[in-house]
Each structure stands twice: as C-alpha cells, then as structure tokens.
Amino acid sequence: MDRATKRSDHNIGASRRRGGRAGRRAPVTIGVFLLLAPIVAGCAENDQSTLSPKSSASDEIARLWWVMLIASAVIFGVVLVLLFVAVLRRRGPESPPLSSGRGGLWIPAVGGIVVPIVVLAGLFALTLRTLPKTSPASASATGLTIEVVGRQWFWDVSYPGKDVRTANELHIPVGVPVNVEVSSADVVHSFWVPELNRKIDMIPGQTNRVTLEADQAGTYRGQCAEFCGLQHAHMAFYVVAEPRAKFDTWLARESNPAAPPATPELERGQQVLLGSACVYCHTIDGTNASGKIGPDLTHLASRMSLGAGLLPNSKGYLAGWILDPQHFKPGNKMPGTDLSGSDLQALLAYLESLR
Amino acid sequence: MATAELRRLERSWVEPHGLVARLGTVDHKKIGVRYLVTAAVFFLAAGIEAALMRAQLARPDQNVLDPEQYNQVFSMHGLTMIFLFVTPMLSGFGNYLVPLMIGARDMAFPRLNAFGYWVFLGAGLFMYSGLLIGDAPDNGWFNYAPLSIQPFSVGPNIDFYAIGLLFLGISTTVGAVNFIVTILKLRAPGMSINRMPIFCWAVLATSISIVFAIPSLTVATGLLELQRAWGFHFFDTAGGGDPVLWQHLFWIFGHPDVYIIFLPAVGIVSTVIPVFSRRSLVAYDWVALATMATGLLGFGVWVHHMFAVGLPQVSLTFFAAASTIIAIPSGIQVFAWLATMLKGAPVIRTPFLYVLGFLVTFVIGGLSGVMFAAIPFDQQVTDSYFVVAHFHYVLFGGAVFPIFAGIHYWFPKITGRMLDERIGQASFWLVFVGFNLTFFPMHIAGLLGMPRRVYTYPSGMGWDVYNLLSTIGSVILVLGTLAILVNVVQGLAFGPPAGPDPWSANTLEWSTSSPPPPYNFAQIPVVRSADPGWDGLSEPSDLVLPEGHQTPATMPLDADLAAALEMPSESLVPLAAAAAIALVCAGLIADLYWLAIAAGVAVALTLAFWHGPRETGPVEPAP
C-alpha cells in the first residue's frame, strides 16, 4: 500500500520533468510527445520502467533515448513527407515509362549519405559520452559489494564479508555506488533493474559487474531479462534503497543467525522444518538446515515476496506456497509438502518469526 | 523463327506426365512454386503460433498455454518464420524469377535445385514432427547454452533444433551456390553485370552471405549435438567449455542471416518501385553496391546482440561503430526509392501499396535498429519487448511486406491470371493497420520494462493495455492475411487472363507468356540496357537452341556469349538423396544409430550414382 503511494509520487514528478523538457524544444516535438503521452502515463504504474530513471546512470540512458527518439521522429517525418509528395502528386496513369535520364542522384546522395554520416557520427559521439556513466565503476570507487547468483528461478544474494545471505531482494544505501557482482549457478540469466542501470548478463563461470546507485529511497523492481527456461517469467526481485542508517540496521539484523524459537509453538515449527525435506535445499543460519539449492530462509519473514517476486510474503500465500508451489510456479524445483494442519500452522508461525 | 525449330524446342522441353515426372521435375518454375507454397503453409503455421502467444498474453496471468507449451510455441514461431518461411519464400521467388529475369532457361544446376527443395521440405517436416509429439524446440531460435544442454534440457526438443538446422543448412547452402553460379554464368547475352536487375543483385548478395554464414551455424549446431548426444563439453563451464562460445558462433551466423532475409526482400522493392513509378530506378549502381555492401558489413556487427554479455569495452565500441555504419547502405536505398518515386509518376496498385507499407514500417524498424548501436541504450532494452517490436518492424515490415508485394506483383506471371484489385487493397489496409497495432505498442511495453519470452506477466506493471492492443492488432493482421489467401484462391479460379505483361514492366520475365513455357524463352533475349522492357532496343535474338535442354552461358561480367550448356532433365535421384538424408536425421533423433549409418551409406550411394561418370552431351561452342 505504502509502496503504491510512493510510486505515484515520483512518477508525477517524472511526468512534470518530461513536460518541461518538451516545452523547451521545437513545436514539432510537442506532437511527438502527445503521441508518447501514454508512455509517460504508463510510468505511473510500475517500478520497472526505463523511462522513470531513479539513478544518474538510468537517467543518462533515458536522455539518450529521448534524443534518439526526437532525431528519429524528424527523419521519419521527412521520409513520410517525401513519400506523400511522391505518391499524391500523380501525373495520370498513362504516362510512358522513362528509362533514360540520370537525374535525382542528389536525393540519395544527401538523404542516404551526407545526412546519415552527420547524424550517425553524432549518435556515436553521444554513445561514447554516455558509456562511461553506465559502465561499472572500479571496485574501489564503490561503497559496498553485493554478490548475486542467478539460479533457476530465483536470485541468491549475499554481502561478502558481512555474513549476510538472502534471496530476491537487494538492500542498498541511497546515494552510494554499489558494486554488484553477478554470476550464475546454472544457465544464463540477466540482471536488470531498469530504473537504476542497464542490464548485465549472468553467465556461468564468469563474473560480471554493474554499479547501482539510487538517487532516492524507494523500491525498484528488477526482472530476469535472458530467457532461462520454464519460469523465466517469474524471476523478479526488488532493490530496496534506504537511507544509510536504515540500511545499516537492516544489514546488522540480517547478519545475525535466526532467532531461536521463543515459544513452544515456534519450537514445534522449527522441529517440523528440521524434520522435513526442507533442510536439503534451504539454509536457516543457526540451525541444522544448511541446504544450498533453494533460497536462504534465515530472515524469510523480513522479505517482501515469495517465489522471486511472484507472491506477496503473507502467511496465507506462504501456506499455499509450501503446500503446492507447483500450482503457483509450475516447474520450479520445490516439491509440495504434505503437512497436517497443526504442523503447517506451527511451521508457518516459525517461518513468520524469522525476521 | 522457323516453326519447325520452335516445334523441336517444344518437343525437347516437354515433361512427361505422371507422378514420377512430377516428383522428378527440375523445372525451376515448378520448384519455385513449390518453395512458395510450402513456405506459405509454414507461414500459416507460424501465424497460428503467433495467435496462440497473443491469446496467452492478451491479459496478465492467463493460462491459455502452460509455460512449456508457450516456450515451444514461441520457439517454433521464430524458427518457422526465419528458417521455414522467409528464407524459403524468398528462395521460391529467386528460383522462379532469377532465370526468367536474366533470360535463362533454368537454374545452373537444376537437379541440385530439386534436391534443395526436397531437403527444405524434409527439414521442415522434421522440425515440426517435434511439435506433433509435444517435444518441439523450447529454447527460442537462438537457443543459448547451457539451457540447451543437459541437465537443463533433457528431452529431444533441442535435438529437433540442432539436427533440423543441420539438415536445413544443406538446402540453404546448395540453393545459394546455385544462385551464385546462375547469376554469374547464365545471364542473357548483353546483360552485363551493370544491367542486371536489382533483384538478382540482392539474391547474389544474399547467396554469398549464406555461403559464409551457414558454416558458423553448422559448426554451432554440430558441436551442440556432439555435446548433447555424446557428452562432449563445448558449452558447459564444468567441463571446461564456454557458454559464450555458442553466442558468438550463433550470432556470426545470426546477424548476417538478418540480411539474408532482408536483402532479397528489398530486391523485390527495387523491382516493384520503378514499374509503378513509371521510371527506371534512380542511382541503380549505388543501390547495387549498397546491396553488396550490406551483405559484407552484415558480418561485422554480430556482437551488438551481445552487448550485455560483459565483453571488453573496446569490442563493444568497435561493433557499435560497425552497427552504426551499416545504416548508410540502407539509407542510400531508401532515398534512391524515394527519388525514383519523386522523379516518376506513381500509379497505385496493390503491389505498390505493399511496398509503400514496407517503406513506412522499414524506416521505423531501421531507426529503432540504429538505436541498438548506442551501447547503453542497447544494454537497457535488449531482451525486452522493445527488441521484439524492432525486429518485427524489420522482418515483417522489411521482408513480409515485400513478400506480399511480390505475391501480388508476380501472381499474374506465375498463374496467368490477375488478382482482384479491391480485395488486394483491402488486404493491404488490414495488414498495415493490424501490423502496426500489433507491434507498435510492443516498443512501449519494452520501454516500460517488459522482458521478452515471458509466458505471462503480472498486472499493475503498466503493460496490460499495450498487450491487449497487440492482441487486437494481431486479430486484424490475421484477417488481412486471410484476405490475401481469399484473393489468391479466387484469382486462381476466376481471375481474368493476365497476358504476358500486365504491368508494362521493365524486366525480362514479362517478355514471355504468363505462365512461361518450360523453356522460358523461345528465342534467347539480347539485352541492351538495365530496362530491357522499356528501352525499345532489347529484342529476342535468332538464337533458339532447340536441341535437348540447352541454355546459353555467358561471361560473368560482360555477358558475352560463351557456350551453349546442356542442362539435365527430370530425375528422381535428388528426391532419393534428400529422403536418405531425412532418414539419417530420423535415425539420429530416435537414437537408432544403425538406421542413421545405413541411411548415411544410402546417401553416399545416391550421390555417387548422381555424380558418377556417364555419357554427356557435347558442350557446344558459341554459335
């Protein structure tokens, strides 16, 4: 709920910015922007738009896009005008074909060679200017390193040296360049948070880097961008950018092992978990559960989503997910678990206590 | 010309009737029509696949298809459109038209031509047999490793891909070799290379690209199959392989393939525009050179498909520069077409309308294509729906619109009947509106962060309305395609006779009857300009060559008459060879190695019989 309000806040700002930019340019571009009004309106609805940048890197890319769009619109307009002139200026159907005459060469010479060379040189220069701003900063220039390993179909997130491991959620401090090192444990994935930077592929046996630096606090959605099999569609994650103090609190809490069960019910829930197949795939730091195949559950209850951005992390969905994950995400590696009602309640209570 | 000579010519070229003669025909026109019809059937199949995808994506969180079905459907859609529709369709036009346009009586290697068709048919059916058993390729047309190998791909799905493409590559390659030799050696006397129709330049450029691009695909799919079937380790890091190797091998083929698809299509455009503008093409030589340059530059841009892979920045900038430069030859062509129309007096008919539709959509696709040379923007929107929008503007706008133009333009030549102009124009508007409504919103969905190849998407991302618009557009597009089909069917049944030259066109195929006789031209034409139909100088010669299947051979550049070639007549050997190769593939996919080996021996024996020494007719010196 509170995310939704925040969302529309920055997007009203985004719309206003666009409008201002359009006003400063030639009238012809106003038409272009009218055509594109739905795009800007569209921004108001999600946190995964390339057109609502929340970092200087994404802002540079968005600027590049708007410049290219305007240039393209002008070129397209010229072609369209020439086309209309050519077609509507008819000379009657019976005119004999002209096979001689070499005139008209200047049209492809100007339109096909001179103008493109100028425009393309400009574009290339712009590309070279933008490139460093979206390229990964040197590790020493960044304030924090996060490792993200893509797996079919979730994101295994860890903070090296901080003893923190989580899944499908990156927390970063606002205004600090964060060095994200990505790789893959299985197939090729691609790490993409459009509002914060360009995407970078996650390739087995190779470590790639991308720098994320959020200008403002907020939650930004990311999604796998390289086809990675059955559940490519359900491999999303969130980047939560927070003020430094709040981030430090989060990091400190996440570095603790799971709290020991405080009530008999939680005790029972833990026993259910440790006595089930869960432990083969999941880790809960501080217990015997140390599987590495699935997401780390040490602080499961603190996360926003289940199933890599698929479901809200609420007790009801958690119950449904545990009983029949194949219903929500067919083909994922987690089998359904057959639990008695009371075992399930205890397990849910325990998992909900893992903050 | 003496009637007796003409009668002898007709006797030499008459084909026996019956099933065997049909299966064994080497007539480039019959083979061309087979390519066209077969490719059209595959187009309908790919269209059905597209409609299924659009149904699934019409609304968020739908379950029209399950994820595995969706993955098979989108993979087969791409594979079909690229490998089984556009390329063979343009091959069909090439087969039918190139000999007619250059004044020859057949392709240079008629039996190889028949063989190429049978292999294409076999490979297409082979790939579709995977869909019938529910195990079609499910990893997209670029099929990245390691998702394509064990343990991530366990069924036979990807074997249908790898073996099917190896199989199909034979067809594409022999077709290309045939085109190159035909275009360079069989042009009518006087058709020096600077008088050759642009369509032939386009087929030449495409064929040269094919000869150099397909080997990379063959290596890629060959290594893939070795890894899948026999446990080699080319693409898995655990065994010392490298998944990025696949990407390079694939895109070294894959980007030139874009031009392999696109060049013959723009060859159609360069053919149709002068005819309906009533003026010969402005800047003919520039357009010809631009065509060749595009084919060449197409080999230097593949890394722009891999900008997000994490390659060194110096590679990125090199390939970005190359990707920028390749816009120039396309720009030259676009403005040469515009100049031709501006200098001429355009007459609007259905083929020309489709070409105008092409121009509008292709310019949009070209402009969004240049954007991918801007590395950071590419890295932002690659693998999003923006790319899906872009390449449909280039491939549907850039290739399918010209194909539709070509169908309407050459239908009278091929069938001897006219299509209905009103249905034609209605089909154009349906296709044009449907196409833009389907694919334009995808740009926006992509910019709003929608990744491609997702079988579903959540609501609340701002993508719903654009996906719904796309689906509505696809319905209109389907109606437009059906209208073309209706027009073709009614044209075949009721179309008024076309006569030899209904468009008063400038190229040689219109100087013979519609449909042309088996020998194409009773008298070998002599060409005196790039517009033999218009110059008032190019006339049929006295040369008839009535004995056997003969066609003149000329010198590659100046087209001076060099010899009269004896062409082979119908034969079942090409079909037998193709069938034997199909059995090799069947044996490999079914793990019946004895069958594969036995069929391999049969292939060798058939080829030995085909090429074995025999008595050949004399090659006559130039008369």
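Each remark here, short or long, concerns the structure printed above.
Residues numbered from 1 in each chain as written. Chains lettered and ligands numbered in written order. Predicted model: local features only at pLDDT ≥ 70, side-chain atom pairs only at ≥ 80, totals over all residues.

Peer 1: What is the right way to look at the overall build of chain B in this model?
Peer 2: For chain B, the count of helices and strands is 18 helices and 3 strands. Computed over the C-alpha atoms, the radius of gyration of chain B is 24 Å, within 12% of the 25 Å expected from 2.2 N^0.38 for a compact globule of 623 residues. The principal-axis extents of the C-alpha atoms in chain B amount to approximately 75 × 60 × 50 Å. Taking all 623 residues of chain B together, the buried fraction comes to 63%. Considering only contacts in chain B between residues 6 or more positions apart, those separated by 24 or more positions represent 80%. (Helix = DSSP H or I, 4+ residues; strand = E, 2+ residues; numbered from the N terminus. Rg over C-alpha atoms; globule rule 2.2 N^0.38 Å. Buried ≥ 20, exposed ≤ 12 C-beta atoms within 10 Å, placed from the backbone. Contact = placed C-beta atoms within 7 Å.)

Peer 1: Got a minute to help me understand the sheet that holds strand 4 (residues 169-173) of chain A in this structure?
Peer 2: To summarise the sheet geometry, strands pair through backbone hydrogen bonds and adopt either a parallel or an antiparallel arrangement. Residue and element names in this part refer to chain A. Pairing is mixed across the open sheet formed by 3 strands, whose spatial order is 4-10-9. Pairing within the sheet leaves two strands with one partner each, and these edge strands are strand 4 and strand 9 (218-223). Direction aside, neighbouring strands of the sheet carry axes that sit 20° apart on average. Sheet topology places strand 9 next to strand 10 (residues 236-242); 6 bridges connect them, and they run antiparallel. The residue of strand 10 that forms the bridge with Gly218 is Ala241. The strands touched by helix 5 (residues 244-255) within the sheet are strand 4 and strand 10, with strand 4 carrying the most contacts at an inclination of about 135°. (Pairing = 2+ DSSP bridges. Axes fitted to C-alpha atoms, helices over the stretch in contact; angles between N-to-C directions.)

Peer 1: What am I meant to see in the interface of chain A and chain B here?
Peer 2: Many authors give the size of an interface as the accessible area that is lost as the parts come together. Across the contact, 76 residues belong to chain A and 77 residues belong to chain B. Among the residues forming the side of chain A that touches chain B, the class breakdown is 42 nonpolar, 25 polar and 9 charged. (Nonpolar A, V, L, I, M, F, W, Y, C, P; charged D, E, K, R; others polar.)

Peer 1: Would you take a moment to explain the pairing of strand 2 (residues 154-159) of chain A for this structure?
Peer 2: Within a regular strand, side chains alternate between the sheet's two faces. Residues and elements named next belong to chain A. Sheet topology note: the strand 1 (residues 144-151)/strand 2 ladder contains 5 bridges and is antiparallel. Note on strand 2: the bridge partner recorded for Glu147 is Ser158. Taking the residues that link successive antiparallel strands as the turn, the strand 1-strand 2 hairpin has 2 residues. Between strand 2 and the antiparallel strand that follows it, strand 3 (residues 164-167), lie 4 residues; Gly161 among them carries a positive phi value of about 80°.

Peer 1: Looking at this structure, I do not really get unusual backbone geometry. What am I missing?
Peer 2: If a residue is not glycine, its phi is most likely negative; likewise, a peptide bond is most likely trans. Of note, the bond from Gln152(A) into Trp153(A) is cis; its omega dihedral lies within 30 degrees of zero at -5°. Within the secondary structure, Trp153(A) sits in the loop between strand 1 and strand 2. Following Ser514(B), the chain continues to Pro515(B) via a peptide bond in cis, the omega torsion being -10°. Note on placement: Pro515(B) falls in the loop between helix 16 (464-494) and strand 1 (550-554). Of note in the backbone geometry, Asp383(B) takes a positive phi value of approximately 65° without being a glycine. When you line up the elements, Asp383(B) lands in the loop between helix 13 (375-381) and helix 14 (385-415). Its identity is not glycine, yet Asp591(B) carries a phi of approximately 60°, on the positive side. Assignment of secondary structure puts Asp591(B) in the loop between helix 17 (573-589) and helix 18 (593-611).

Peer 1: Whenever I open this one, helix 4 (residues 106-134) of chain A confuses me. Can you help?
Peer 2: The α-helix advances 3.6 residues per turn, and as a result positions three or four apart in sequence lie on the same side. Look at helix 4 of chain A: 40 Å from first C-alpha to last across 29 residues, which is about the 42 Å you get at 1.5 Å a residue. Regarding helix 4 of chain A, the residues found buried are Ile107(A), Pro108(A), Gly111(A), Gly112(A), Pro116(A), Leu120(A), Leu123(A), Thr127(A), Thr130(A), Leu131(A) and Thr134(A). Buried residues in helix 4 of chain A make contact with helix 3 (56-88) of chain A together with helix 9 (284-297), helix 10 (313-325), helix 11 (327-343), helix 12 (350-371) and helix 13 of chain B. (Expected span 1.5 Å × (residues − 1).)

Peer 1: What is the right way to read the packing of helix 12 of chain B against helix 15 (residues 421-447) of chain B from this model?
Peer 2: When two helices pack together, their arrangement is given by the angle between the helix axes and the distance between those axes. Residues and elements named next belong to chain B. Two elements in contact, helix 12 and helix 15, have axes whose closest approach is 9 Å; the angle formed by their N-to-C orientations is 10°. One element, helix 12, and the other, helix 15, form an angle in the roughly parallel class. Two packed elements cross with a definite hand, and for helix 12 against helix 15 that hand is right-handed. Taking contact as the criterion, the partners of Thr350, Leu353, Tyr354, Gly357 and Thr361 in helix 12 are, on helix 15, Glu421, Gly424, Gln425, Phe428, Phe432 and Phe435. Residues of the contact of helix 12 with helix 15, tallied by class, amount to 5 nonpolar, 5 polar and 1 charged. (Parallel < 35°, antiparallel > 145°, perpendicular 65-115°, else oblique. Left-handed = near helix turned anticlockwise from the far one by under 90°.)

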